[in-house]
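The residues making up each chain are set out below.
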Amino acid sequence: MSQLVAVKNITKKFGAITVLNNITFEILSGEVHVLLGENGAGKSTLMKILSGIYKPTGGEIQLGKNTFKEVTTNQSRDFGIRLIYQELSVINNLSIEENLFIGSIPTKKIMGVSVVDRKKMAIKAKHALSCVGFKKNPKILVHELSISEKQQVEIAKALIDEPKVIIMDEPTSSLNDDEVLNLFNIINSLRSAGLGVVYISHKLKEIPIIGDRVSVLKDGHHVGTWDAKTTPVEFLVNKMVGRELTHSRPIGDKVDRSSIIFEVDSLISKDKFVNDVSFKLYKGEILGFAGLVGAGRSELVETIFGARPKSQGNLTLSNKKLDINNPTDAIRAGIALVTEDRRETGFFHNFNVAQNISILPFIKSSKYALSLESLDFKAENKMGEEYKNSLNIRCSSVKQNIVHLSGGNQQKVIIAKWLAADSDLFMFDEPTRGIDVGAKSEIYQILREQADKGRGIIVVSSELPELLSVCDRIAVYRGGHIVEFIENKDATEENILKSATI
Ligand SMILES: Nc1ncnc2c1ncn2[C@@H]1O[C@H](COP(=O)(O)OP(=O)(O)OP(=O)(O)O)[C@@H](O)[C@H]1O
Ligand SMILES: [Mg+2]
């Protein structure tokens, strides 16, 4: 296997902060190189340097036989490097086909004038989409696609124009099991064709399945590179987190069945995606919702939250009947919702970390959504500092803009924001998407503490091990309603899946 691209002794500083320190890393043809590290370790930054998005502060980049101090996005692209971003970058109001060709529209000359070569576009689009097994009409708008379909379009976009190196930054974070298998088939065929693939993921069980080599970054340093098939995952976790992790299963011994915190009775949404749902949530309980992607669990929490109109149903929280018509009503009634899509609905893009964390108490207490006299910058920063410490959020300061945080750290800010709202009912939709293995256990601990304090906790997750390790009881959801409740002690991945599919 020959070297396709490499970085040598790369350093990257943002202001006074060094986020990459003397990194040497190479990508060979025909290999899948897994890149592992905690949230904020520097994985995405390193890949952005290879793609020309960031300029390194020191070191060099080798593309084929040529060595550069820095590369432009065009140089990187022309060499054949494609980066599939951690956050979806498709544009909703363009068609699938148009998205595939952003920055690389094929042209032809007609009487000396360059025009878009629609025929070539259609052929290339068809090829790239068929490589990822995508069947929808390429003329429809991306807006109409689910998150996982958007992710497929992102991958197809990277396959246009015969790439040499494909970098996938958490590509499976919103794919279901079948879609992950499909992606692995695509990656295997890329590898057989001699491409180099960099694969970033927090799903550790994927490492030996898809990887050939694995490199670990910690705090901007390269810890080492090992064989991905034979190196035990525990060893890698230790290199990445610096400690052993303990796993415990909740017993649910603090659940008080005589005290109901939250009750949903015969809830139906106007669009019928929620189709007659009833359940009770007890004091001290964490209730999980399992189901296949598309079963309608996100629609359920959105309807409870007033983000989706309902046609009937009663909600009771702490013995009070609720009248919720929009999310502001829900927030004021003491309900929190961590949504599935962090970039679109998770945070305020132009706010700093402290402002994002402290916005909800203002919304809750002020008559208007936000009134100027209610702003208290000192309190805002203090609250930001508290959550930065308790959730171990990595940022240069709480005044850093949230868009400059790593993906996992943005997710922690979103969780902090809702914890700060001091709600009675917390609903988490895929709460640990993109969160590293060490931080996950910290978040599970926080959920348990909240439940022990008497707050109602609902967790929607596609990760069955996550549901099994945090929830006291699991509601299996299918076709817009609950088909079965399974107590944690009786739950296994097999019986949940069976109940979710039949
Ligand atoms: N444009 C920027 N300005 C300032 N700091 C930045 C910028 N981009 C990244 N950083 C910082 O660099 C560090 C590394 O971030 P990076 O996104 O590379 O982490 P990561 O390993 O990809 O983490 P995750 O698993 O959470 O995605 C973080 O502390 C982040 O705040
Ligand atoms: Mg990242």
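Residues numbered from 1 in each chain as written. Chains lettered and ligands numbered in written order. Predicted model: local features only at pLDDT ≥ 70, side-chain atom pairs only at ≥ 80, totals over all residues. Heavy atoms only, no water.

Participant: Describe the overall build of the chain, listing the residues and the values that go with them.
Facilitator: Scanning the chain from terminus to terminus reveals 17 helices and 22 strands. Taking 2.2 N^0.38 as the reference for a compact globule, 502 residues should give roughly 23 Å; the C-alpha atoms of the chain span a radius of gyration of 24 Å, in line with that estimate. In terms of overall dimensions, the chain has C-alpha extents of about 70 × 50 × 50 Å along its principal axes. Counting across all 502 residues of the chain, residues that qualify as buried make up 53%. Counting only carbon and sulfur atoms, one obtains 51% of the accessible surface of the chain, whose full area is about 22500 Å². Of note, the chain has its 64 positive side-chain charges centred 5 Å away from the centre of its 61 negative side-chain charges. (Helix = DSSP H or I, 4+ residues; strand = E, 2+ residues; numbered from the N terminus. Rg over C-alpha atoms; globule rule 2.2 N^0.38 Å. Buried < 20%, exposed > 50% of the residue type's maximum accessible area, 1.4 Å probe, protein only. Areas by Shrake-Rupley, 256 points an atom, 1.4 Å probe, with all protein chains shown as cover. Lys, Arg positive; Asp, Glu negative; His and termini not counted. Charge placed at Lys NZ, Arg CZ, Asp CG, Glu CD.)

Participant: Outline the domain arrangement of the chain, supporting the account with residue identities and numerical values.
Facilitator: The extent of an interface is frequently quoted as the accessible surface area lost upon association of the parts. Structurally, the chain comprises domain 1 (3–80 + 162–241), domain 2 (89–151), domain 3 (257–334 + 424–502) and domain 4 (349–423). Of note, the centres of domain 1 and domain 2, computed from C-alpha atoms alone, are 26 Å apart. Together, the buried faces of domain 1 and domain 2 total about 550 Å²; carbon and sulfur atoms form 44% of this surface. Summed over the three residues of domain 1 that lose the most area to domain 2, namely R77, S174 and I186, the buried surface amounts to 59% of that side. (Domains from an automatic or database assignment. Buried area = accessible area lost by both parts, 1.4 Å probe.)

Participant: Residue-level account of the packing of aromatic side chains, with values.
Facilitator: With the rule as written, the count across this model stands at eight aromatic pairs. A centroid spacing of 5.3 Å and a plane angle of 85° characterise the contact between W226 and F235, whose relative ring orientation is edge-to-face. On the basis of relative accessibility, which here comes to 32%, the residue F235 falls in the partly exposed class. Centre to centre, the rings of F426 and F428 are 6.0 Å apart; their planes meet at 15°, and the pair counts as stacked. For the pair F426 and F428, one class covers both residues: buried. Here the aromatic cluster, defined as three or more aromatic residues joined through ring pairs, consists of F262, F279, F289 and Y477. The ring of F14 carries the charged tip of K12 above its face, separated from the ring centre by 4.9 Å. Sitting over the ring of F79, K164 keeps its end group 4.6 Å from the ring centre. (Phe/Tyr/Trp six-rings, centres within 6.5 Å; stacked < 30°, edge-to-face > 60°. Lys NZ or Arg CZ within 6 Å of the ring centre and 35° of its normal.)

Participant: Give me the side chain of S499: which residues, what numbers.
Facilitator: Along the polypeptide, S499 turns up in helix α17 (residues 493–501). If we ignore the near neighbours within four places in the chain, the residues touching S499 are V476, R478, V483 and E484. (Contact = heavy atoms within 4.5 Å.)

Participant: I'd love a proper account of the site of ligand 1, names of residues and values included.
Facilitator: Looking at ligand 1, there are 21 residues lining it, with G40, K43, T45, S406 and G408 nearest. A distance of 2.8 Å separates an oxygen atom of ligand 1 from a polar side-chain atom of K43. Residue-level mapping places the shell around ligand 1 at the junction of two domains, with at least three residues from each of domain 1 (3–80 + 162–241) and domain 4 (349–423). (Near = heavy atom within 4 Å. Polar contact = N/O pair within 3.5 Å; in protein donor to acceptor, adjacent residues only side chain to side chain.)

Participant: Account for the nonpolar core, naming residues and giving values.
Facilitator: In a soluble, globular protein the nonpolar side chains are often hidden away together inside. Core analysis: the biggest nonpolar cluster contains 75 residues, and F262, F279, F289, I304 and I335 have the highest contact counts within it. If one sorts the elements of this core by residue count, helix α14 (residues 407–420) sits on top with seven residues. Each of two domains, domain 3 (257–334 + 424–502) and domain 4 (349–423), supplies a minimum of three residues to this core. Contacts of F289, omitting those with residues within four sequence positions, involve F279, R297, L300, I458, V459, V460, S461, L467, A475, Y477 and I482. Listed in part, the 45 residues of the second largest apolar core include L100, L145, A156 and A158. (Core = buried A, V, L, I, M, F, W, Y, C linked by side-chain atoms within 4.5 Å.)

Participant: Before we move on, could you go through unusual backbone geometry and cite the residues and values that matter?
Facilitator: Even without being glycine, M111 reaches a positive phi, approximately 50°. Checked against the element boundaries, M111 lands in the loop between β7 (107–110) and β8 (113–116). What makes M111 exposed here is its relative accessible area of 81%. The backbone phi angle of E170 is positive, close to 50°, even though this residue is not glycine. The residue E170 is located in the loop between β9 (165–169) and α6 (177–192) in this model. Looking at E170, the relative accessible area reads 5%, which means it is buried.

Participant: Before we move on, can you summarise helix α15 (residues 437–452) with the specific residues and values?
Facilitator: With 16 residues, α15 should cover 22 Å at 1.5 Å per step; its first-to-last C-alpha distance of 23 Å lies within 8% of that length. Those residues of α15 lying buried are V437, G438, A439, K440, I443, Y444, I446, L447, R448, Q450 and A451. The residue sitting at the N-terminus of α15 and contributing the capping side-chain oxygen is D436; that oxygen lies 2.9 Å from the backbone nitrogen of G438. G454 lies just past α15 and shows a positive phi near 100°. (Expected span 1.5 Å × (residues − 1).)

Participant: An account of the pattern of salt bridges is needed here, citing residue identities and associated values.
Facilitator: Applying the stated criterion to the full structure yields 22 salt bridges. In this structure, R213 and E26 form a salt bridge, with 3.4 Å as the shortest nitrogen-oxygen distance. Remark: E26 occurs in strand β2 (residues 17–28) and R213 occurs in strand β11 (residues 213–218); sequence separation between them is 187 residues. If you follow the salt bridges from partner to partner, you end up with E38, K218, D219 and R394 in one network. (Salt bridge = Lys/Arg side-chain N within 4 Å of Asp/Glu carboxyl O.)

Participant: Which residues make up a negative patch on the surface, and what values go with them?
Facilitator: Taken together, the side chains of D177, D178, E493 and E494 make up a negatively charged region of the molecular surface. Secondary structure elements with two or more residues in the negative patch: α6 and α17. Note on placement: D178 falls in helix α6. Under the relative-accessibility criterion, D178 is labelled exposed at 60%. (Patch = residues over 30% accessible without salt bridge, like charges linked within 9 Å, V, L, I, M, F, W, Y side chains within 5 Å.)

Participant: Before we move on, could you go through the sheet that holds β11 and cite the residues and values that matter?
Facilitator: As summarised here, the arrangement of the six strands in space is β6-β9-β10-β3-β11-β12, forming an open sheet in which the pairing is mixed. The open sheet has two edge strands with one neighbour each: β6 (81–84) and β12 (221–227). Going from strand to strand, the sheet's axes swing by 20° on average, the running direction of each strand aside. One ladder, built from six bridges, connects β11 with β12; its direction is antiparallel. Bridging across to β12, S215 finds its partner in T225. Running at roughly 135° to strand β3 (residues 32–37), helix α1 (residues 43–50) makes contact with β3, β6, β9, β10 (196–200) and β11 of the sheet. (Pairing = 2+ DSSP bridges. Axes fitted to C-alpha atoms, helices over the stretch in contact; angles between N-to-C directions.)

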